[in-house]
Amino acid sequence: MERAVRSILVDCRYAEQGCTEKTAYYTKSEHEKACPHAPRFLCPEPGCGFSGSRGEELLDHLTGNHKWPSTTFQYYAAFDICVAQPGTQILQCADDGQLFLVNARQAAAPPGLAVSVVCVPPHHKPTGFGCRVSFSCFGRHRSTWTLDDLPSLRISDWPPAEYVCVVPKALDGAGDGAGAVLTVTIVCARPDDEYEDDDLDGYISSDSESDEDGSDSSCRAGSDPGQ
């Protein structure tokens, strides 16, 4: 019986991607780890060229080789990250290991740091992701932006031109290194999700509190911050 089971050959899980290899069931996992048709996790750092077969490999590479800081979070739970200067941070979801990148780059108009959020393919789930980002701009004024369809990382377009918000220059930490604390919530959209009115439903700027003098935060969603 055992000999008969061992003789059974199974398809590689990446058959739809072009792999025609058939292996014994007990060597299937070993083959798939090295399968040339498996989706790859690519490093976006220009000139690097690293690719891994698992998200954990890319995470280890980015934190070890490029020294990018990482934060672990859970879907639907708000968490804080600090943005003080241009650079990239890694977000890893504790629920399924999915990786996201938060990039901050210099913006000319309005002056400050343009903040982008992208999800790293291959995705662990076939559904989309959304996010909400908020921070206090001046005094009691707090601005919030939501995006119901996070873009995927594109190596050819890194850092991304589109951004979620701009951290004003007065808050970007250029002078004292303190930076701005962003409160982020990432959701994994499912077909049966029913969002309330205040849930993620596209680029929306909503100021929950305003300065007493009504000053503008100069923060908005858009693209091409350097132009």
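Everything that follows concerns the structure shown earlier in this document.
What this report covers is the structure whose coordinates are included nearby. (Residues numbered from 1 in each chain as written. Predicted model: local features only at pLDDT ≥ 70, side-chain atom pairs only at ≥ 80, totals over all residues. Heavy atoms only, no water.)

## Here we look at the overall build of the chain
Logical step 1: Across its full length, the chain holds 3 helices and 16 strands.
Logical step 2: Here the chain holds 227 residues, and the buried ones make up 41% of them.
Logical step 3: Accessible surface for the chain amounts to roughly 12300 Å². Of this, 47% is attributable to carbon and sulfur atoms. (Helix = DSSP H or I, 4+ residues; strand = E, 2+ residues; numbered from the N terminus. Buried < 20%, exposed > 50% of the residue type's maximum accessible area, 1.4 Å probe, protein only. Areas by Shrake-Rupley, 256 points an atom, 1.4 Å probe, with all protein chains shown as cover.)

## Digging into the nonpolar core
Logical step 1: Membership of the largest hydrophobic core comes to 29 residues, with the highest contact counts inside it found for Phe73, Tyr75, Leu91, Phe100, Leu182 and Ile186.
Logical step 2: Elements with a contribution of two residues or more to this core: β6 (79-83), β7 (87-93), β8 (99-107), β9 (112-119), β10 (129-138), β11 (141-147), β13 (165-168) and β14 (180-188).
Logical step 3: It is β14 that contributes the most residues to this core, 5 residues altogether.
Logical step 4: Those residues in contact with Phe100, other than ones at most four positions away along the chain, are Phe73, Tyr75, Gln89, Ile90, Leu91, Val118, Cys119, Val120, Phe129, Leu150 and Ile186.
Logical step 5: Counting residues in hydrophobic clusters, the runner-up holds 13 residues, among them Phe41, Cys43, Val118 and Leu153. (Core = buried A, V, L, I, M, F, W, Y, C linked by side-chain atoms within 4.5 Å. Contact = heavy atoms within 4.5 Å.)

## Section: the pairing of β14
Logical step 1: Of all the 9 residues making up β14, 8 are buried; the element is thus mostly covered by neighbouring parts of the structure.
Logical step 2: Here β6 pairs with β14 via 5 bridges, running antiparallel. Looking at β14, one finds that Cys82 is bridged to Val181. (Pairing = 2+ DSSP bridges.)

## Some details on helix α3 (residues 55-64)
Logical step 1: Looking at α3, one finds that the buried residues are Gly55, Leu58, Leu59, His61 and Leu62. Here the buried residues of α3 occupy an arc of 165 degrees about the axis, which is enough to place them on one side.
Logical step 2: Among the structural elements, β3 (41-42), β5 (70-73), β7 and β8 are those in contact with the buried residues of α3. (Arc of directions from axis to C-beta.)

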